[in-house]
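# Structure at a glance
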Amino acid sequence: MAAELHVELVAADRSVWSGEATLVVARTTSGDIGVMPGHQPLLGVLESGPVTIRTSDGETVIAAVHGGFISFADDKLSLLAEIAELADEIDVKRAERALERAKSDTDAASERRAEVRLRAVSAH
C-alpha cells in the first residue's frame, strides 16, 4: 500500500491545489468521505462544503468547495469543483457580508456558499 496519494483540486477556472497527501476529507451526496492511500476506486458528486487535505509533510490545507466531482483510482485523487477557494484566499469580512446579504434576500444557495466559505476559514 502506498504511503501517500497524489491530489489535484481544480476549479472550473483554475488549478487550486496540487500535491501529495495522506488523507482527504470531502462531502459528497452520499455523505462525508475520507480517502487515504490504497482506498477503493470511487467516483462521486461533491456537495458544497469544506475539503480538508492532510499533506505528506503534516500540514493541513482547507478549501471551500461548491459542487463538482470526486474521483479516486491508483492513489490519484481528483476533486473537480465548480467553484473552489483555499481558506487562505477567503476574505472573512466579505464572506460575512455576503452571508448577511443572502439571508436578507432569502437566497438559500448564496447563503450556503457564504456559510461554507466561513466554515473553511474557521477550520483553518
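Please refer to the structure higher up on the page.
This report concerns the structure included in the present document. Positions within a chain are numbered from 1, following the residues in the order the chain's sequence is written. Totals for whole chains, interfaces and linings use every residue, but because this is a predicted model, local features are given only for residues with pLDDT of at least 70 and side-chain atom pairs only at 80 or more, for both listing and counting. Working from all heavy atoms in the structure, the side-chain values ignore hydrogens and water.

The first and last C-alpha atoms of helix H2 (residues 108-123) sit 22 Å apart over 16 residues, in line with the 22 Å expected at 1.5 Å per residue. Think of it in three bands: with a 1.4 Å probe and only protein chains considered, a residue is buried below 20% of the maximum accessible area for its type, exposed above 50%, and partly exposed in between. Helix and strand definitions follow DSSP, with helices as H or I runs of at least four residues and strands as E runs of at least two, each counted in order from the N terminus. Buried within H2 we find Ala-114, Val-116, Arg-117, Leu-118 and Ala-120. By definition, residues are in contact when any of their heavy atoms lie within 4.5 Å. Considering only its buried residues, H2 is in contact with strand S5 (49-55), strand S6 (60-73), strand S7 (76-86) and helix H1 (92-104). Each residue after the first adds 1.5 Å to the expected span of a helix.

Throughout this description, the term salt bridge denotes a Lys or Arg side-chain nitrogen within 4 Å of a carboxyl oxygen of Asp or Glu. Using the criterion set out here, one finds three salt bridges in the structure. Among the ionic pairs, Arg-14 bridges to Glu-89, the shortest N-O distance being 2.6 Å. In this pair, Arg-14 is assigned in strand S2 (residues 14-28) and Glu-89 in the loop between S7 and H1, connecting sequence segments 75 residues apart. Owing to a relative accessible area of 30%, Arg-14 belongs among the partly exposed residues under this scheme. For Arg-117, the salt bridge is made with Glu-85, and the minimal N-O distance between the two is 2.5 Å. Taken together, the residues Arg-117 in helix H2 and Glu-85 in strand S7 connect sequence positions 32 residues apart. When its relative accessible area of 15% is taken as the criterion, Glu-85 is described as buried.

We now examine the packing of H1 against H2. For helices, the fitted line uses only the C-alpha atoms of the stretch in contact; every axis is such a line through C-alpha atoms, and the angle between N-to-C directions lies from 0 to 180 degrees. Two elements in contact, H1 and H2, have axes whose closest approach is 8 Å; the angle formed by their N-to-C orientations is 150°. In terms of orientation, H1 lies roughly antiparallel with respect to H2. Every pair of crossing elements has a handedness; the one defined by H1 and H2 is left-handed. Across the interface between the two elements, Val-92, Arg-94, Ala-95, Glu-96, Ala-98, Leu-99, Ala-102 and Lys-103 from H1 touch Ser-110, Glu-111, Ala-114, Glu-115, Arg-117, Leu-118 and Val-121 from H2. Classification convention: Asp, Glu, Lys, Arg as charged; Ala, Val, Leu, Ile, Met, Phe, Trp, Tyr, Cys, Pro as nonpolar; all other residues, Gly among them, as polar. Tallied by class, the residues present in the contact of H1 with H2 amount to eight nonpolar, one polar and six charged. Oblique is the label for any angle not covered by the other classes, which are roughly parallel (under 35 degrees), roughly antiparallel (over 145) and roughly perpendicular (65 to 115). Left-handed describes a crossing in which the near helix is turned anticlockwise from the far one by less than a right angle; the clockwise case is right-handed.

Attention now moves to the pairing of S7. Bridging between strand S1 (residues 5-11) and S7 involves six bridges; their strand directions are parallel. Pairing of Ala-11 across the sheet is with Ala-81, part of S7. What makes two strands pair is DSSP finding at least two bridges between them. Strand direction decides the pairing type here: S6 and S7, joined by ten bridges, are antiparallel. Residue pairing for S7: Phe-69 is matched across the bridge by Leu-80. In sequence, S6 turns back onto S7 through a hairpin of two residues, with Asp-74 there showing a positive phi of about 50°.

Positive charge collects at one region of the surface, where Lys-93, Arg-94, Arg-97 and Arg-101 lie side by side. Its location among the elements puts Arg-97 in helix H1. Patches draw on residues past 30% relative accessible area with no salt bridge. Two like charges within 9 Å are joined, as are two nonpolar side chains (Val, Leu, Ile, Met, Phe, Trp, Tyr) within 5 Å. The Shrake-Rupley method, run with a 1.4 Å probe sphere, supplies the accessible areas, and residue values consider only the shown protein chains as cover. Neither His nor the chain termini are counted; the positive set is Lys and Arg, and the negative set is Asp and Glu. A charge is said to be at NZ when it belongs to Lys, at CZ for Arg, at CG for Asp and at CD for Glu.

Throughout, nonpolar core names a set of buried Ala, Val, Leu, Ile, Met, Phe, Trp, Tyr and Cys residues whose side chains join them through atoms within 4.5 Å. Grouped together as the largest cluster of nonpolar side chains are 24 residues, with contacts concentrated most on Val-7, Leu-9, Val-24, Ile-53, Val-65, Leu-77 and Leu-79. Breaking this core down by element, the ones donating at least two residues are S1, S2, strand S4 (42-46), S5, S6 and S7. Contact partners of Val-24, with chain neighbours within four places excluded, come to Leu-5, Val-7, Ile-33, Gly-34, Val-35, Val-51, Thr-52, Ile-53, Leu-77 and Leu-79. Ile-62, Ala-95, Leu-99 and Leu-118 belong to the second largest nonpolar core, which has ten residues in total.

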